[in-house]
Amino acid sequence: MDVGELLAGVDEVRWSRMRHAYGPAVEVPELLRGLADADPAVRETALDAMYGGIHHQGDVYACTIEVIPFLLRIAADVGRPGRAEVVGLLASIGGADDPEPRTGLYRRARQAVAAGYPLWSALAHDPDPQVRAAVPAVLPVCAEQATDCVDLLRDRFATEEDQRVRVAIVEAAAELAKRGTATQATGVWIADLLARDEDVQVRITALAASARLPAQPGVPPVRVRTALELLDAAYTQETPVADPAGFTTGTLIGSVRRLREASAAGRRAPQADQLVRAISNSLADRVDDRIALLSTLLASSDWERRIDAVFPAGNLIDGWRGPYEQLVALIGDLLYGDHAGLRPRATQVLENLGELARPAADPLFAGLSQSQRVARHSRRTDQLPWLVEWAQGPPTVGPALKALAGTGDLRALPMLQWVLEHGQLPREVGQLIAGYGDQAALLVPVVRRRLRKLRDDERRDDLVYALAAVGPAAGDAVPDLMKLPASLAVVRAFTAIGPAAAAAMPCLREQVVASDRLVAAAAAEALYAVGGDTAGALAVYDRFLTGDVYEQRAAVDGLGRLGPQAASYAGQLRKLLRRKDPHGWLRLGAARALWQVAGETSTVTPVLEGVWDANPHTRTAIAQVWWDMGLAAASARPLIEAELSRVRRHNAVDGGYSSAQVVDDERLLRACRAALTAVAG
């Protein structure tokens, strides 16, 4: 069928009246023709535009709904190249990876894709193995035919010879079972595949799937030894290598494809990295088993096994709590690795671990000492530069130096001093120096010299933050700070320096009426911390207590720091405990302040316990209050013990990540341990 006949009617749709992520959907007909083109480069460009605009980041628009019938026609045209990618696009539009009910346009999209079930059941037997491998991923969309989908997959598996298709079938059957369709029967079937199938990749897929499913009677849990034996077979027997596509497009999809092709070059088992990741992820909360699995791979003499285990190890540490000393030490050993890809992966994992990276401190220091100090940003470098220069914008501190500084290792301070003195200053060096507190006092003269040239530079406050962390030992920097704009960072630095910043009092008195309420609140605290002016601080807090929720939060925090000198505000703080506060931060601040100014416990403890349950992100601050309260907070002991017993990090979210995730959770654990000791007496 020629393209004109295949897409008959496409020009009759009023695409110009519909919009996608970037404007009117006028180019949709051309994109559809591109998807049906014989040239793979044209198809890839069109597919990239579809994901980028028509289905931007998973969104569904009116034009997305309108393209579905045309996409179904392309997928159904047997023998046409590129249909597997179109099936994958339809699976994404239908929300195959989202088991939750959908509404609005998303629901219409799911219904339209599910209505193609007769086509999907036919394509499961398509002559093209790439199409057959793509079809299982779309079947979870077809909720009303879920039982038929399981039967279709099992029947097809019985006759299928292509490895990719068999793997895709097992994955789809497991997903349907996880969503409640034929769970027990599928669990038994997958366990049998794990024990008996001749294909190593099918058995590994079955292993990962089995670990994700609910426990079934008579089906033993997956053992790490079994996983390692299967992975050993996969690396020994090798996994298939896809031939390079042989063309280039300036698209995101094309870039990802080229990176995949480049990473597969020179490997015996290029698909094994996906197998390692799948097995590790499937073990979920079995942290000890995951550590055993990944440690064995990281200690292997085979560079492929080591390199494949690095990122799964990082994902484990990012999302789960555990005893990671051995795992981190093995990752540190990769800095001496014999393969160019090992160093950048290892440093990427270590970069944001904070104190957890200490077992790798020695190899980090050795690598930094032997590496070039400045390097241009490149994916292929195996250096550990102190400074990374970019094509645009200021440089950044190298990930290995960030990792070493994050551990608090004093050997990083001379390196940070060199970075400070280097021509172009990176933005984040002040934050790294701040981690050392008053131990970084020797760097204050260098910081002062840089500040004198940064009055109107956005990097100024980063260095001021470092001075604040040094505290009173940074008193010599007060004249330099007074010459800077009175930003929040500058005012807080005066507070941290304390009485040695007395010369700044006139400036602080001006800032208590600043239009920026955060600056005004910080200036109020500084009046007391620097000059002992309690009355001046209370005047600001009086004003803020009648303001919005943000001003009230600033006021209660300030009152709490004043302690008993603000005891007369206890009544107002009790009233704030009854305020509607969906995230709990105001109630937390008011409760903490009530304890600090009046020593109240009977009113404060229930509030803190309620906020603890409502918002996990408040828990570090609450644990610190309980530590301060000691035996008076004994009723909180079960909550603290429950938190310490959890395996998942309190701030871990599926599909999300924060560079501060590990450091923040470890801070919570330290606060909880201290609080538990205090409340237990």
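## Focus on the overall build of the protein chain
Consideration 1: The secondary structure content of the protein chain amounts to 37 helices and five strands.
Consideration 2: For the protein chain, the residues scored as buried account for 52% of the 681 residues in total.
Consideration 3: Considering only residue pairs separated by 6 or more positions, the protein chain has 65% of its internal contacts joining residues 24 or more positions apart.
Consideration 4: Working note: accessible area of the protein chain is about 30,700 Å², and carbon and sulfur atoms make up 51% of it.
Consideration 5: Taken as two groups, the 75 positive and 83 negative side-chain charges of the protein chain have centres that lie 5 Å from each other.

## Some words on the packing of helix H3 (residues 40-54) against helix H14 (residues 252-264)
Consideration 1: Contact geometry of H3 with H14 gives a least axis separation of 8 Å together with a crossing angle of 115 degrees. Contacts from Glu44, Leu47, Asp48 and Tyr51 of H3 reach H14 at Leu252, Ile253, Gly254 and Arg257.
Consideration 2: Per-class residue counts for the contact of H3 with H14 are four nonpolar, one polar and three charged.

## Description of helix H11 (residues 183-196)
In an α-helix, one turn spans 3.6 residues, which is why side chains three or four residues apart end up on the same side.
Consideration 1: With 14 residues, H11 extends 20 Å between its outermost C-alpha atoms, agreeing within 8% with the 20 Å of an ideal straight helix rising 1.5 Å per residue.
Consideration 2: Residues of H11 that are buried include every one of Thr183, Thr186, Gly187, Trp189, Ile190, Ala191, Leu193 and Leu194, and no others.
Consideration 3: Tucked into the core, H11 has its buried residues touching helix H9 (146-159), helix H10 (163-178), helix H12 (200-212) and helix H13 (224-237).

## Focus: helix H21 (residues 399-406)
Consideration 1: Burial runs high along H21: six of the eight residues are buried.
Consideration 2: The complete set of buried residues in H21 reads Ala400, Leu401, Lys402, Ala403, Leu404 and Ala405.
Consideration 3: Among the structural elements, helix H19 (342-350), helix H20 (361-370), strand E5 (396-397), helix H22 (413-421) and helix H23 (429-434) are those in contact with the buried residues of H21.
Consideration 4: Where H21 terminates, the next one or two residues include glycine 408, which has phi positive at roughly 80 degrees.

## Digging into the pattern of salt bridges
Consideration 1: Inspection of every chain in the model, using the stated rule, returns 37 salt bridges.
Consideration 2: Between aspartate 77 and arginine 80 there is a salt bridge whose closest N-O contact spans 2.7 Å. Per residue, the accessibility class of aspartate 77 equals that of arginine 80, and both read buried.
Consideration 3: As a salt-bridge pair, aspartate 302 and arginine 305 come within 3.1 Å of each other at their nearest N and O atoms.
Consideration 4: Several salt bridges converge on common partners, so that one network encompasses Arg321, Arg619, Glu643, Arg646, Arg649, Asp665 and Glu666.

## Examining unusual backbone geometry
Consideration 1: At alanine 182, a residue that is not glycine, the phi angle is positive and equals roughly 50 degrees.
Consideration 2: Residue placement: alanine 182 occurs in the loop between H10 and H11.
Consideration 3: Positive phi is not limited to glycine here, since alanine 284 has a value of about 45 degrees.
Consideration 4: Along the chain, alanine 284 falls in the loop between helix H15 (272-282) and helix H16 (287-298).
Consideration 5: Residue alanine 284 is classed as partly exposed on the basis of its relative accessible area, which comes to 28%.

## Considerations on the packing of helix H36 (residues 637-645) against helix H37 (residues 661-679)
Consideration 1: Contact geometry of H36 with H37 gives a least axis separation of 10 Å together with a crossing angle of 145 degrees. In this structure, H36 meets H37 at a crossing whose hand is left-handed. The segment H36 lies against H37, with Arg637, Ile640, Glu641, Glu643 and Leu644 engaging Leu668, Leu669, Cys672, Arg673, Ala675, Leu676 and Val679.
Consideration 2: Looking at the contact of H36 with H37 residue by residue, the class counts come to eight nonpolar, no polar and four charged.

## Concerning the packing of aromatic side chains
Consideration 1: Evaluation of the coordinates by the stated rule reveals four aromatic pairs.
Consideration 2: Judged by centre distance (5.5 Å) and plane angle (90 degrees), the ring pair of tryptophan 386 and tryptophan 418 falls under edge-to-face. Of this pair, tryptophan 386 sits in the loop between strand E3 (374-376) and strand E4 (387-389) while tryptophan 418 sits in helix H22; the two residues are 32 residues apart in sequence, bridging distant segments of the chain.
Consideration 3: Using a relative accessible area of 7% as the deciding quantity, one classes tryptophan 386 as buried.
Consideration 4: On the accessibility criterion, tryptophan 418 (22% relative accessible area) is partly exposed.

## What to know about the environment of valine 446
Consideration 1: Mapped onto the secondary structure, valine 446 falls in helix H24 (residues 444-451).
Consideration 2: Relative accessible area serves as the criterion here: at 5%, valine 446 is assigned to the buried category.
Consideration 3: With 139 residues separating them along the chain, valine 446 and isoleucine 307 place their C-alpha atoms 40 Å apart.
Consideration 4: When sequence neighbours within four positions are dropped, the list of residues in contact with valine 446 reads Gln417, Leu420 and Glu421.

## A few points about the sheet that holds E3
Strand pairs in the sheet, formed through backbone hydrogen bonds, run parallel or antiparallel to each other.
Consideration 1: Strand order in the open sheet formed by three strands is E3-E4-E5, and the pairing between neighbours is mixed. The open sheet terminates on both sides in strands that have one partner only, identified here as E3 and E5.
Consideration 2: As paired elements, E4 and E5 share two bridges and run antiparallel to each other. In the sheet register, leucine 387 faces E5, and the bridge partner there is valine 397.

## Section: the nonpolar core
Consideration 1: Counting 223 residues, the largest nonpolar core has Trp120, Leu350 and Trp626 as the members making the most contacts within it.
Consideration 2: If we skip the residues at most four places from it in the chain, tryptophan 626 touches Leu608, Glu609, Trp612, Ala633, Ala636, Leu639, Ile640, Ala675, Ala678 and Val679.

## Some words on the side chain of arginine 321
Consideration 1: Mapped onto the elements, arginine 321 comes out in the loop between helix H17 (303-319) and helix H18 (325-333).
Consideration 2: When its relative accessible area of 8% is taken as the criterion, arginine 321 is described as buried.
Consideration 3: A polar side-chain atom of arginine 321 sits 2.5 Å from a polar atom in the side chain of glutamate 643.
Consideration 4: At a separation of 3.4 Å, a polar atom in the side chain of arginine 321 contacts the main-chain carbonyl oxygen of arginine 646.

## Here we look at the environment of arginine 343
Consideration 1: With respect to the helices, strands and loops of the structure, arginine 343 is situated in helix H19.
Consideration 2: For the pair arginine 343 and isoleucine 331, spaced 12 residues apart in the sequence, the C-alpha separation amounts to 9.2 Å.
Consideration 3: Beyond its immediate chain neighbours, meaning those up to four positions away, arginine 343 contacts Leu334, Leu335, Gly367, Asp382, Gln383 and Leu384.

## Digging into the environment of arginine 260
Consideration 1: Among the secondary structure elements, arginine 260 is positioned in helix H14.
Consideration 2: Each C-alpha atom, one on arginine 260 and one on alanine 361, is 31 Å from the other, the two residues being 101 residues apart in sequence.

## Focus: the side chain of asparagine 615
Consideration 1: With respect to the secondary-structure elements, asparagine 615 resides in the loop between helix H34 (604-614) and helix H35 (619-629).
Consideration 2: You can call asparagine 615 buried: its relative accessible area is 8%.
Consideration 3: In this structure, asparagine 615 is in contact with His583 and Trp585, ignoring residues within four places of it in sequence.

Definitions and cut-offs
- Residues numbered from 1 in each chain as written.
- Predicted model: local features only at pLDDT ≥ 70, side-chain atom pairs only at ≥ 80, totals over all residues.
- Heavy atoms only, no water.
- Helix = DSSP H or I, 4+ residues; strand = E, 2+ residues; numbered from the N terminus.
- Buried < 20%, exposed > 50% of the residue type's maximum accessible area, 1.4 Å probe, protein only.
- Contact = heavy atoms within 4.5 Å.
- Areas by Shrake-Rupley, 256 points an atom, 1.4 Å probe, with all protein chains shown as cover.
- Lys, Arg positive; Asp, Glu negative; His and termini not counted.
- Charge placed at Lys NZ, Arg CZ, Asp CG, Glu CD.
- Axes fitted to C-alpha atoms, helices over the stretch in contact; angles between N-to-C directions.
- Nonpolar A, V, L, I, M, F, W, Y, C, P; charged D, E, K, R; others polar.
- Expected span 1.5 Å × (residues − 1).
- Salt bridge = Lys/Arg side-chain N within 4 Å of Asp/Glu carboxyl O.
- Left-handed = near helix turned anticlockwise from the far one by under 90°.
- Phe/Tyr/Trp six-rings, centres within 6.5 Å; stacked < 30°, edge-to-face > 60°.
- Pairing = 2+ DSSP bridges.
- Core = buried A, V, L, I, M, F, W, Y, C linked by side-chain atoms within 4.5 Å.
- Polar contact = N/O pair within 3.5 Å; in protein donor to acceptor, adjacent residues only side chain to side chain.

By themselves, these figures tell us nothing about what the structure is for.
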